Amino acid sequence: MPYITKGLLKDFYLPDYEDGSTVNLLASVIRSRGGKTPHRNLRGVNMRRLCEARNVIYLVVDGLGVAQLERFLNMGKGKQFFSKHPWRPISSVFPATTAAAVTTFATGASPAEHAVLSWYLNLHDLGVVTMILPAITRTGSPLARDEFDLDAYLDLPSYVDTAKCRRGLISYGDIPLTRYSKTGTSWTNRMSAQTLLGLERQIVTFVKKRGTKVAYAYWPEYDSNCHEHGVTHKKTDRHLRQIDESLARLVRKLQGTDTQLFVLADHGLIDAPVEHRIDLGAVPGFYGCLATITSGDARSVSCFVRPGRVNDFKKLVNGKLGEACICVPGETLLAMRAFGPGKPHKALANRVGDYFLMAKPGYAFTATLPGWEPRFHVAYHGGMSAEEVLVPLYSVPC
């Protein structure tokens, strides 16, 4: 994974888009199913075996970074699946956050190509900052009326759609049928599960269908536990143990089905102590410098600055937030191709803020709206630390 040795982002990390990221894994999967993608295959993947497999499943455990997995294994845990099978680190995407990463998993496109960059996304041409995955605004109202064509508006390129086989989306709760999940890839089957056991059953049901297949399976509850309790909390560890047991059961159930199972994550998380959680709404003068409320995530905050207040903004950030973050021009991130390879989406440049606040180790931000109470998590993601960018990849033939 590229380590940045100079410049504003010195000591941060970029994803290894060359041949070592989730973008590259998706390229390998897509090509194995007869599809087309401009991206390179993931190094080390046995493409012959992958192409010969009747079924390919990539199961994403939201939030399980390499550092968290290593801690879990070093405690002697994970004996059912995590310590039983070999794994290797690969990199996620930037920003290392769910919205950007799962859109890559669903389409095979890099964040530069799909331009879904963060949980809070500025849709400048609609005049709104959204929570894009649930398709609502920052204040909780629907993004648009039902007749609004979100699929056409987002215009997500999907290389997964070129796969010449049955395509399955297997996810938690109502996720497979949400407005956002209906954009981009046209899934042949959409299947839902409320429990880990239900997720196992849906995957097994899918692989028993006729013909060659590919499925994207997703489990979000580990990430939820990390956010609420922290990455080292006993409740978080308990749920990871349940996932370990579930994956072991799944492997047993898939034996003899000619399935290539990949297990990986979208990002890792880090804890932020109470004294390092900063509400930007409480920083005097900060909102007055902005053209709209911030977008991005807790550890990479995207700021759209009023042209006449740029100097004030820089002075304020350096003076009041300098210990917590690095202020990086959005154009710098675009120039270094931090959002990945491929043809940039037509909306990319307008969704990248004028400046990004890249959180330093242990820090996280929120941006409380006027009239609302501040809300903080315990663990966060979205930044450029190794803990957030590096994710484990298991490859298990069944």
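These numbers were taken from a predicted model, which means no experiment stands behind them. (Residues numbered from 1 in each chain as written. Predicted model: local features only at pLDDT ≥ 70, side-chain atom pairs only at ≥ 80, totals over all residues. Heavy atoms only, no water.)

Quick word on the environment of P329
Then, number 1: Here P329 shows up in strand β14 (residues 325–329).
Then, number 2: Put simply, P329 and V391 are 62 residues apart on the chain and 27 Å apart in space, counted from C-alpha to C-alpha.
Then, number 3: Beyond its immediate stretch of four places on either side in the chain, P329 contacts L8, D354 and Y355. (Helix = DSSP H or I, 4+ residues; strand = E, 2+ residues; numbered from the N terminus. Contact = heavy atoms within 4.5 Å.)

Brief notes about the packing of aromatic side chains
Then, number 1: Counted according to the given criterion, the structure contains 19 aromatic pairs.
Then, number 2: Residues F81 and Y394 carry aromatic rings whose centres are separated by 4.9 Å and whose planes lie at 50° to one another, so their mutual orientation is tilted. Remark: Y394 occurs in strand β18 (residues 390–397) and F81 occurs in the loop between α3 (66–74) and β2 (87–91); sequence separation between them is 313 residues. Here the two residues F81 and Y394 agree in accessibility, since each one is buried.
Then, number 3: Here the aromatic cluster, defined as three or more aromatic residues joined through ring pairs, consists of Y58, F105, W187, Y216 and Y218. (Phe/Tyr/Trp six-rings, centres within 6.5 Å; stacked < 30°, edge-to-face > 60°. Buried < 20%, exposed > 50% of the residue type's maximum accessible area, 1.4 Å probe, protein only.)

Considerations on α3
Then, number 1: Among all positions in α3, only V66, Q68, L69 and F72 are buried. Buried residues of α3, seen end-on, are gathered within an arc of 165° and therefore sit on one face of the element.
Then, number 2: On its buried side, α3 packs onto β2, α8 (221–229), α9 (234–254), α13 (386–389) and β18.
Then, number 3: Taken from the residues just after α3, G76 is the one with a positive phi, measuring 80°. (Arc of directions from axis to C-beta.)

Some thoughts on the sheet that holds strand β1 (residues 55–61)
Then, number 1: Across the sheet, seven strands lie side by side as β2-β18-β9-β1-β8-β6-β7; this open sheet has mixed pairing. Of all strands in the sheet, those with a lone pairing partner are β2 and β7 (189–193), marking the two edges. Across the sheet, the axes of successive neighbouring strands diverge by a mean angle of 20°, strand direction being ignored.
Then, number 2: Relative to β18, strand β9 (residues 259–264) is paired through four bridges, and the arrangement is antiparallel. Across the sheet, the residue bridging to V263 is Y394, located in β18.
Then, number 3: Each of β1, β8 (213–219) and β9 touches helix α4 (residues 98–107); the most contacted strand, β8, lies at about 165° to it. (Pairing = 2+ DSSP bridges. Axes fitted to C-alpha atoms, helices over the stretch in contact; angles between N-to-C directions.)

Things to note about the pairing of β1
Then, number 1: For β1, the buried fraction is high: seven of the seven residues fall into the buried class.
Then, number 2: Neither face of β1 is exposed, since N55, I57, L59 and V61 on one face and V56, Y58 and V60 on the opposite face are all buried.
Then, number 3: Summarising the sheet, β1 and β9 pair through six bridges and their orientation is parallel. Its bridge partner lying in β9, L59 is registered against V263.

Things to note about the state of the cysteines
Then, number 1: One pass over the structure, following the stated rule, counts zero disulfides.
Then, number 2: Lacking any disulfide linkage, C51 is separated from the closest cysteine sulfur, that of C165, by 11 Å.
Then, number 3: Residue class for C51 comes out partly exposed when judged on its relative accessible area of 42%. (Disulfide = S-S within 2.5 Å.)

Describing a positive patch on the surface
Then, number 1: On the surface, K234, K235, R238 and R241 cluster together into a positively charged patch.
Then, number 2: By secondary structure assignment, the location of R238 is in helix α9. (Patch = residues over 30% accessible without salt bridge, like charges linked within 9 Å, V, L, I, M, F, W, Y side chains within 5 Å. Areas by Shrake-Rupley, 256 points an atom, 1.4 Å probe, with all protein chains shown as cover. Salt bridge = Lys/Arg side-chain N within 4 Å of Asp/Glu carboxyl O. Lys, Arg positive; Asp, Glu negative; His and termini not counted. Charge placed at Lys NZ, Arg CZ, Asp CG, Glu CD.)

Focus on the pattern of salt bridges
Then, number 1: By the definition in use, this model includes 15 salt bridges.
Then, number 2: Here D258 makes a salt bridge to R49, at a shortest N to O gap of 3.2 Å. Highlighted residues: D258 in the loop between α9 and β9 and R49 in helix α2 (residues 47–52), separated in sequence by 209 residues.
Then, number 3: Residue D258 is classed as partly exposed on the basis of its relative accessible area, which comes to 30%.
Then, number 4: Here R49 falls in the partly exposed class, since its relative accessible area comes to 22%.
Then, number 5: In this structure, the salt-bridge partner of D237 is R71, at a minimum N-O distance of 2.9 Å. Of this pair, D237 sits in helix α9 while R71 sits in helix α3, placing them 166 residues apart in sequence.
Then, number 6: On the basis of relative accessibility, which here comes to 25%, the residue R71 falls in the partly exposed class.
Then, number 7: Salt bridges linked by common partners bring D16, D19 and R43 together as one network.

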